[in-house]
Amino acid sequence: MASSSTSSMPQDAQVMAAIVRDMGVTEYEPRVLSQLLEFAFRYTSDVLIDARTLSEHAGKKAIDADDVRLAIDTMIDSTFTQPPPRQLLQELAKEKNAVALPPIKQAYGARLPNDRFCLLQPNYRWKNRNEIRNVSSTISSQRSQTAQASSQHQSQSAKQPNVVFQLTSGPNDGGSGQKRKVEDASLDEDYDHE
């Protein structure tokens, strides 16, 4: 950031820019300062609210440094996570690395995990011949029932005359183009189709 733009900033932003500069950061977006200021304001407000609560609990009329320190300690425990000590991590790594890895099998092709962990298994199951016969007999019986029902429907509909609609005069003839009922479908064959 240029020094001319820092002179037009509020004093808090200038202080934050000086802190960022002291940390060795030379290039950053202008929004970074706004985010850092917002974080500092929120963190300070939360610490002071906790310190006031602690001082009221202790029966004090004013907040003192001990209340602020205790509020910071509780804030650090609940807000920020501390990494485990380096020595503990080294001990855990040494313990884990003491167990040797299983030897690699000498095989050709891609080394894949066990089949149950791969999506290479077939997702279907073959039916045995008895099941296939049962299914085919069920299908054939359903087909025969459907055929009987359709033949009964056809015999009932044969008793009723088929109703067919035909134009009494075409739209090109200057007629109305209305439809009239024809009582039998066989009569439809007698009409000329243009």
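Keep in mind that what you see is a predicted model, and the values were worked out from it rather than measured. (Residues numbered from 1 in each chain as written. Predicted model: local features only at pLDDT ≥ 70, side-chain atom pairs only at ≥ 80, totals over all residues. Heavy atoms only, no water.)

A. Layout of the overall build of the protein. Helices and strands together make up the secondary structure of the protein, namely six helices and two strands. Shown N-terminal to C-terminal, the secondary structure of the protein runs as helices and strands in the order α-α-α-α-α-α-β-β. In the protein, buried positions account for 9% of the 194 residues. Carbon and sulfur atoms make up 54% of the accessible area of the protein, which amounts to about 17600 Å² in all. (Helix = DSSP H or I, 4+ residues; strand = E, 2+ residues; numbered from the N terminus. Buried < 20%, exposed > 50% of the residue type's maximum accessible area, 1.4 Å probe, protein only. Areas by Shrake-Rupley, 256 points an atom, 1.4 Å probe, with all protein chains shown as cover.)

B. View of a nonpolar patch on the surface. A cluster of nonpolar side chains, namely Val15, Ile19, Met23 and Val25, defines an oily patch on the protein surface of about 380 Å² accessible area. By secondary structure assignment, the location of Val15 is in helix 2 (residues 11-22). (Patch = residues over 30% accessible without salt bridge, like charges linked within 9 Å, V, L, I, M, F, W, Y side chains within 5 Å. Salt bridge = Lys/Arg side-chain N within 4 Å of Asp/Glu carboxyl O.)

C. Representation of the packing of aromatic side chains in the model. The tally for this structure, following the rule as stated, stands at one aromatic pair. With centroids separated by 6.1 Å and ring planes inclined at 15°, the aromatic side chains of Phe39 and Tyr43 adopt a geometry described as stacked. Residue Phe39 and its partner Tyr43 are both found in helix 3 (residues 30-58); the two are separated by four residues, about one turn of the helix. (Phe/Tyr/Trp six-rings, centres within 6.5 Å; stacked < 30°, edge-to-face > 60°.)

D. Quick peek at the side chain of Asp67. Relative to the elements of secondary structure, Asp67 occurs in helix 4 (residues 65-79). Owing to a relative accessible area of 5%, Asp67 belongs among the buried residues under this scheme. With residues near it in sequence (within four places) discarded, Asp67 still touches Ala51, Leu54, Ser55, Lys60 and Ala62. (Contact = heavy atoms within 4.5 Å.)

E. Examining helix 2 more closely. An ideal rise of 1.5 Å per residue puts 16 Å on twelve residues; helix 2 measures up with 16 Å between its terminal C-alpha atoms. The set of residues buried in helix 2 consists of Ala13, Met16, Ala17 and Val20. Seen from one end, helix 2 has its buried residues packed into an arc of 100°, which puts them on one side. Those residues of helix 2 that are exposed and aimed more than 90 degrees away from the buried face are Gln11 and Asp22. Looking at the packing, one finds that the buried side of helix 2 touches helix 3. Looking one or two residues past helix 2, Gly24 carries a phi angle of roughly 95°, positive in sign. (Expected span 1.5 Å × (residues − 1). Arc of directions from axis to C-beta.)

F. Focus on the pattern of salt bridges. Counted by the stated rule, this structure contains five salt bridges. Two residues, Lys60 and Asp64, come together in a salt bridge whose shortest N-O distance is 3.1 Å. Judged by relative accessible area, Asp64 falls into the partly exposed class, the value being 29%. As a salt-bridge pair, Asp66 and Arg69 come within 2.8 Å of each other at their nearest N and O atoms. Here the residue Asp66 and the residue Arg69 both occupy positions in helix 4, the gap between them amounting to three residues, near one helical turn. Note on Asp66: relative accessible area 48%, which makes it partly exposed. Among the charged side chains, a network of salt bridges with common partners joins Lys60, Asp64 and Asp67.

G. Expanded view of the confidence of the model for the protein. Counting all residues, the mean pLDDT for the protein is 77, and 72% of those residues have values of 70 or more. For the protein, the element scoring lowest by mean pLDDT is strand 2 (residues 179-182), at 48; helix 5 (residues 86-97) scores highest, at 95. In the model, residues 162-166 has pLDDT below 50 throughout and makes 21 contacts with residues more than four positions away in sequence or in other chains. Here residues 181-194 is a poorly scored stretch, pLDDT under 50, and it has 19 contacts once near neighbours within four places are set aside; other chains count. (pLDDT = per-residue confidence, 0-100.)

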